[in-house]
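As a plain string of letters, each chain reads:
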Amino acid sequence: MSDRPVSLAKGRVRVNRVADIVADRIRELIVTGDLADGDRLPRLDVLLKDFGVSGPSMREALRVLESEGLITVQRGSIGGAVVHRPDAKTAAYIVALVLRSRGTQLRDVFEGMSLLEPVCAMLCARRPDRKTTVVSELRKVNGASRRLIDGDEPAFNEAMTAFHETLVQRCGNETLTLVAGILESIWLVHERSWAEAKSARGALLSRPEKLKRLESHEKICDLIEAGEERRVVEAMTEHIEVQLIYSEWLDPTERVDARAIRHDT
């Protein structure tokens, strides 16, 4: 046996900070659902007693969770922290930061979204339970859009947007729902800001244009109900291409703005 000393560690072993351990435990309670969306964490003095840690460590843990969008710390007479379950909007902010750092344009986000939505439509048409899980919800959304066609402009735009969001949410694939939902969240926050500003100066679309878009939604819904996977992909792709024309109103070369996502969450 050699007497030569052997280095067992390639570098210094890192001991997790107390704040990281506390944040990990609270984070796990949130993502597993033990802490529901909208729940309040106990007061700081209760947290300190339960975890047996110092005030600075606990405050640092809460700052970490707040930076991740998992809680909102409320200061003042109310105090405490409100829990937020992570969703597509939570992830959208982080993705938007990355895209912003790369100088990504809104056109790029829209193109990514337009590639995913037809796949979501196909999966909706493939679901054996589509009539109750997908079609019934899409028809409700289309009904709301038709009732608003001569009404409030932003409300009609929101109802039409809800069709795309519902279609993505009901496709049955959680991973695709999340990825497509992230892109939708980034795109739609910019579109909504534009729509509100433009509607204050006049109509966004003429009535025939609104009707054409709505009828496209109704056709897509009919194809999903009939289980026409190939045809619904074609119809959704064509509809997205029409949407791209409308999206030219919003400067497609504008850079993704993560701050807009943060303010919308």
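Residues numbered from 1 in each chain as written. Predicted model: local features only at pLDDT ≥ 70, side-chain atom pairs only at ≥ 80, totals over all residues. Heavy atoms only, no water.

Asks: Tell me about the state of the cysteines, and name the residues and values.
Replies: Scanning all chains against the criterion turns up zero disulfides. Free cysteine Cys124: the closest other cysteine sulfur is in Cys171, separated by 5.8 Å. Residue Cys171 stays outside any disulfide, its sulfur separated by 4.2 Å from that of Cys120, the closest cysteine. Among the residues examined, Cys171 registers a relative accessible area of 3% and is labelled buried. (Disulfide = S-S within 2.5 Å. Buried < 20%, exposed > 50% of the residue type's maximum accessible area, 1.4 Å probe, protein only.)

Asks: Talk me through the packing of aromatic side chains; I want residue IDs and the actual numbers.
Replies: A complete count under the given rule lists one aromatic pair for this structure. Between Lys210 and the ring centre of Phe156, over which it is positioned, the NZ or CZ distance is 5.3 Å. (Phe/Tyr/Trp six-rings, centres within 6.5 Å; stacked < 30°, edge-to-face > 60°. Lys NZ or Arg CZ within 6 Å of the ring centre and 35° of its normal.)

Asks: Can you explain the nonpolar core? Please cite residues and give values.
Replies: Judged by nonpolar contacts, the single largest core of 41 residues is most densely connected at Leu167, Ile186, Ile220 and Ile224. Secondary structure elements with two or more residues in this core: helix H4 (88-101), helix H5 (106-126), helix H6 (130-147), helix H7 (153-169), helix H8 (174-199), helix H9 (207-225), helix H10 (229-247) and helix H11 (258-264). Counting residues per element, this core draws most heavily on H5, which supplies 10 residues. (Core = buried A, V, L, I, M, F, W, Y, C linked by side-chain atoms within 4.5 Å. Helix = DSSP H or I, 4+ residues; strand = E, 2+ residues; numbered from the N terminus.)

Asks: Explain the side chain of Asp257 to me, and be specific about the residues and the numbers.
Replies: Structurally, Asp257 can be placed in the loop between H10 and H11. Residue class for Asp257 comes out buried when judged on its relative accessible area of 18%. Sequence-distant contacts of Asp257, defined by excluding residues within four places in its chain, comprise Arg100 and His190. (Contact = heavy atoms within 4.5 Å.)

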